[in-house]
Amino acid sequence: MAALVLARMPPVTLQAVGRKRANALRREGAVLTNQQKEDAMIGQWQEMWDVSTKAAWTKELIPDLRRWWSQGPREVSYHMAQALTGHGCFQSYLWRKGKAENPGCVHCPAVFDDAEHTLFACPFCCGGVKESSRSRGRSVPPVRSRPTRAPGTTIATE
């Protein structure tokens, strides 16, 4: 389901239900505007998204589909898709797929390298962002305490 969210492509079942409902209302003499159809579809999609047990990392980053639909980027790059889904060049993902020897970070001593670690905790990644920002004369926000997660557990704050 995360891929559908990133692509802004509602599940085909919701699209079909929406068209069926609009046609039934049209036969009764009522006509829905495109905005009303879209609002209903996104509302139903949000309900599906909220109860889904899949795409937990993506749901943390994109909890509100209506906001993502209206204000999110129009295109998602290859690297952004990896960061938003947690699938890709992260050692924990590669280890689960049998493509890495262990789930540990190759840049620091962390024993678990996932998207959250790479983006928010890894000194290699964050250090590069900080130095790049400083070289451009931008201030770097202070490091906040981020939620941490061990494999197979829910998020708990430090």
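The structure we're discussing is the one just above.
Read on for an overview of the structure. (Residues numbered from 1 in each chain as written. Predicted model: local features only at pLDDT ≥ 70, side-chain atom pairs only at ≥ 80, totals over all residues. Heavy atoms only, no water.)

## Some remarks on helix α2 (residues 12-27)
Argument step 1. Compared with the 22 Å implied by 1.5 Å per residue over 16 residues, the 23 Å span of α2 between its first and last C-alpha is a close match.
Argument step 2. Of the residues one or two after α2, G29 is the one with positive phi, at around 100°. (Helix = DSSP H or I, 4+ residues; strand = E, 2+ residues; numbered from the N terminus. Expected span 1.5 Å × (residues − 1).)

## Brief notes about the nonpolar core
Argument step 1. With 12 residues, the main nonpolar core is built from V5, L6, L14, M41, I42, W45, W49, I62, L65, W68, W69 and L84.
Argument step 2. Counting residues per element, the ones that place at least two in this core are α1 (2-6), α3 (34-51) and α5 (65-71).
Argument step 3. Excluding its chain neighbours within four sequence positions, the residues that come into contact with W49 are M1, A2, V5, A55, T58, K59, I62, P63 and L65. (Core = buried A, V, L, I, M, F, W, Y, C linked by side-chain atoms within 4.5 Å. Buried < 20%, exposed > 50% of the residue type's maximum accessible area, 1.4 Å probe, protein only. Contact = heavy atoms within 4.5 Å.)

## Thoughts on the packing of α2 against α3
When two helices pack together, their arrangement is captured by the angle between the axes and the distance separating the axes.
Argument step 1. Orientation of α2 relative to α3, taken along the N-to-C sense of each, is 140°, at an axis distance of 10 Å. Our classification of the angle between α2 and α3 gives oblique. For the pair α2 and α3, the sense of crossing is right-handed. Of the residues in α3, those in contact with L14, Q15, V17, R21 and A22 of α2 are K37, A40, M41, Q44, W45 and M48.
Argument step 2. Broken down by class, the residue content of the contact of α2 with α3 amounts to 7 nonpolar, 2 polar and 2 charged. (Axes fitted to C-alpha atoms, helices over the stretch in contact; angles between N-to-C directions. Parallel < 35°, antiparallel > 145°, perpendicular 65-115°, else oblique. Left-handed = near helix turned anticlockwise from the far one by under 90°. Nonpolar A, V, L, I, M, F, W, Y, C, P; charged D, E, K, R; others polar.)

## As for the packing of aromatic side chains
Argument step 1. Tallied over the entire structure, the rule returns 2 aromatic pairs.
Argument step 2. Look at W45 and W69: their rings are 6.1 Å apart centre to centre, the planes differ by 85°, and that puts the pair in the edge-to-face class. Here the residue W45 occupies a position in helix α3, and W69 occupies one in helix α5, the gap between them amounting to 24 residues. This pair shows no difference in class: W45 is buried, exactly as W69 is.
Argument step 3. One Lys or Arg, R8, reaches over the ring of W68 and ends 5.4 Å from the middle of that ring. (Phe/Tyr/Trp six-rings, centres within 6.5 Å; stacked < 30°, edge-to-face > 60°. Lys NZ or Arg CZ within 6 Å of the ring centre and 35° of its normal.)

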